[in-house]
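Coordinate inspection notes
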Amino acid sequence: MILKIPFNNPYMTGKELWNITQAHVNGQMAGDGPFTKQCHRWIEERTGIAKALLTHSCTAALEMAAFLADLNPGDEVIMPSYTFVSTANAFVMRGAIPVFIDIRPDTLNIDETLIESAITERTKVIVPVHYAGVGCEMDAIMRTARWHNLMVIEDAAQGVMSSYKERSLGAIGHLGAYSFHETKNIISGEGGALLINDPTLSERAEIIREKGTNRSQFFRGQIDKYTWVDVGSSYLPGELIAAFLFAQMEEAETITQRRLGIWQTYHDALSPLCQEKGIRQPIVPDGCRHNAHMYYLLLPSLEQRTAFIARLRERDIMAVFHYVPLHDAPAGKRLGRTHGPMSVTRHVADCLVRLPLWVGLEDEQPRVIDRIMEALHGL
Ligand SMILES: *Cc1c(COP(=O)(O)O)cnc(C)c1O
């Protein structure tokens, strides 16, 4: 009898509390203190972007990106439907219309070959979402964006430590957004970052994040008083969050290696049975280095997926499906528009199941795999 295996189990490095104590000793609890600066530097050095800014969440980073895109009501933003609500909401909040297109059957990322035909005079932004930390076809997406003079905002919520042709996810488009939510690989409970690749956007990004004021310039001594200069909100997390997060960042390499080990163990162990049963395993294209954010299986039908999840639950293993496609959600129907048939999206929404994957699962994994095989055999 094994204990119940949760779908996710947040990993702690052990250094978080020490860092939080240090932040306490430093005496600065508000944001942009020493730990926030270390987190910024970690992201900038790893990804080569001009500027990183910690935020409360990836949702907050996407909202900032939508501000920076200078959208007018009725402007259109092309994105996949198979994604988290924040991908769309951030733009809807600016009066823009999400235009949902289908995903690729291999990576489950936005189908870049469909973007061109979804572009209208109102199109302003393309939002690639790097599903499972596997990169979208960024070369083609950037080419289309340049040709039509569109902005690219990467939803790299799942993409920390992943790359596409040696470039970090989140650092290829004009802007990128990371998530440090506890369900992601590198965590601070809630947390995120805006990655600014286009340096002309840096100053305004700082202002939007600081309630529409030029306070960041004031703290750098560049001006002698700060004032209200633009629209904005409060998007910066306090130092305790940054202190926690920096402990995770220092272990990011180890965390990623361990996750990759678990991912590969699933992949190898399940391969023969998946082939026999017509179950599709994840595909990582050449040129994409992923971070093992997720291990999923695509079952042949909704009925089989439902049965599989139930059979795993009977065996104390928590496996879960994923997104309800946004184009099919009540708000998506009201606030967005769909371009083209969404057959891959529909199929994946019905058939995808995510297996438990968290650092520390290694010891139990052989038994977890046995139970998964049992559950699959009975389908
Ligand atoms: C997790 C996630 C988000 C939201 O991240 P938060 O930090 O919780 O706001 C957005 N987009 C995608 C694709 C995600 O996976």
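What counts as what
Residues numbered from 1 in each chain as written. Predicted model: local features only at pLDDT ≥ 70, side-chain atom pairs only at ≥ 80, totals over all residues. Heavy atoms only, no water. Helix = DSSP H or I, 4+ residues; strand = E, 2+ residues; numbered from the N terminus. Rg over C-alpha atoms; globule rule 2.2 N^0.38 Å. Buried < 20%, exposed > 50% of the residue type's maximum accessible area, 1.4 Å probe, protein only. Areas by Shrake-Rupley, 256 points an atom, 1.4 Å probe, with all protein chains shown as cover. Lys, Arg positive; Asp, Glu negative; His and termini not counted. Charge placed at Lys NZ, Arg CZ, Asp CG, Glu CD. Expected span 1.5 Å × (residues − 1). Arc of directions from axis to C-beta. Near = heavy atom within 4 Å. Polar contact = N/O pair within 3.5 Å; in protein donor to acceptor, adjacent residues only side chain to side chain. Pairing = 2+ DSSP bridges. Contact = heavy atoms within 4.5 Å. Phe/Tyr/Trp six-rings, centres within 6.5 Å; stacked < 30°, edge-to-face > 60°. Core = buried A, V, L, I, M, F, W, Y, C linked by side-chain atoms within 4.5 Å. Domains from an automatic or database assignment. Buried area = accessible area lost by both parts, 1.4 Å probe. Salt bridge = Lys/Arg side-chain N within 4 Å of Asp/Glu carboxyl O.

**Topic: the overall build of the chain**
Scanning the chain for helices and strands turns up 14 helices and 13 strands. On C-alpha atoms alone, the chain measures out to a radius of gyration of 21 Å, which is about the 21 Å that the 2.2 N^0.38 rule sets for 379 residues. With the C-alpha coordinates of the chain rotated into their principal frame, the extents come out at 70 × 55 × 35 Å. For the chain, the proportion of its 379 residues judged to be buried stands at 56%. Total accessible area computed for the chain in this model is approximately 15,900 Å², and 53% of it derives from carbon and sulfur atoms. Averaged over its 37 positive side-chain charges, the chain has a centre that lies 2 Å from the centre of its 44 negative ones.

**Considering the environment of D363**
Turning to its location among the elements, D363 is positioned in the loop between strand 13 (352-355) and helix 14 (365-377). With a relative accessible area of 68%, D363 lands in the exposed category. Linking D363 and G33, residues 330 residues apart in sequence, is a C-alpha distance of 39 Å.

**Side note on helix 11 (residues 302-314)**
With 13 residues, helix 11 should reach 18 Å at 1.5 Å per residue; the first-to-last C-alpha distance of 18 Å fits that figure. Buried within helix 11 are the following residues: R305, F308, I309 and L312. Viewed end-on, helix 11 has its buried residues packed into an arc of 95 degrees, placing them on one side of the element. Facing away from the buried side of helix 11 by over 90 degrees, the exposed positions are E303 and E314. D316, located one to two residues past helix 11, shows a positive phi value of around 65 degrees.

**As for the site of the ligand**
With respect to spatial proximity, 14 residues lie near the ligand, and among them T59, D155, Q158, S179 and K184 are the closest. A distance of 2.8 Å separates an oxygen atom of the ligand from a polar backbone atom of C58. With respect to the ligand, the side chain of D155 contributes an N or O atom lying 2.8 Å from a nitrogen atom. Expressed as a share of its isolated accessible area of 380 Å², the protein-covered part of the ligand is 92%.

**Describing the sheet that holds strand 10 (residues 288-289)**
An order of 7-6-10 is seen for the three strands of this open sheet, with the pairing classed as antiparallel. Each of the sheet's edge strands pairs with one partner strand only, and the pair in question is strand 7 (167-168) and strand 10.

**Comments concerning the environment of L297**
Relative to the helices and strands, L297 is located in strand 11 (residues 295-298). Once residues lying within four places of it in the same chain are set aside, the contact partners of L297 are L270, C274, I279, R280, Q281, F308, C351, L352, V353 and L355.

**Brief notes about the packing of aromatic side chains**
This structure, assessed with the given rule, holds nine aromatic pairs. Geometrically, the ring pair formed by F218 and Y226 is tilted, given 5.5 Å between the ring centres and 55 degrees between the ring planes. For Y226, a relative accessible area of 36% corresponds to the partly exposed category. Judged by centre distance (5.4 Å) and plane angle (35 degrees), the rings of Y266 and Y295 are tilted. Highlighted residues: Y266 in helix 10 (residues 252-277) and Y295 in strand 11, separated in sequence by 29 residues. Assigned by exposure class, Y266 and Y295 land together as buried. Three or more aromatic residues link up through ring pairs in this structure, and these residues are Y82, Y131, Y296 and Y323.

**Re the nonpolar core**
Side chains that are nonpolar tend, in soluble globular proteins, to be buried together. The biggest cluster of nonpolar side chains holds 45 residues, and the ones touching the most others in it are I43, F180 and M249. Tallying contributions element by element places helix 9 (residues 239-250) first for this core, with five residues. When we break this core down by domain, the ones giving at least three residues each are domain 1 (16-250) and domain 2 (252-377). Setting aside chain neighbours within four positions, we find I43 in contact with G48, I49, A52, L54, Y178, F180, A193, L195 and M249.

**Here we look at the domain arrangement of the chain**
When cut into domains, the chain gives domain 1 (16-250) and domain 2 (252-377). Taking the mean C-alpha position of each, domain 1 and domain 2 sit 26 Å from one another. With 47 residues of domain 1 at the interface, the matching set in domain 2 holds 39 residues. Summing both partners gives a buried area of about 3,500 Å² for domain 1 against domain 2, and 57% of it is carried by carbon and sulfur. If you sort the residues of domain 1 by the area they bury against domain 2, Y82, F100 and N185 come out on top, with a joint share of 20%. Where domain 1 touches domain 2, the interface holds three salt bridges. With a closest N to O distance of 3.8 Å, E253 and R46 form a salt bridge. Across the domain 1-domain 2 interface, the total number found is 25 residue pairs in polar contact (both at pLDDT 80 or more).

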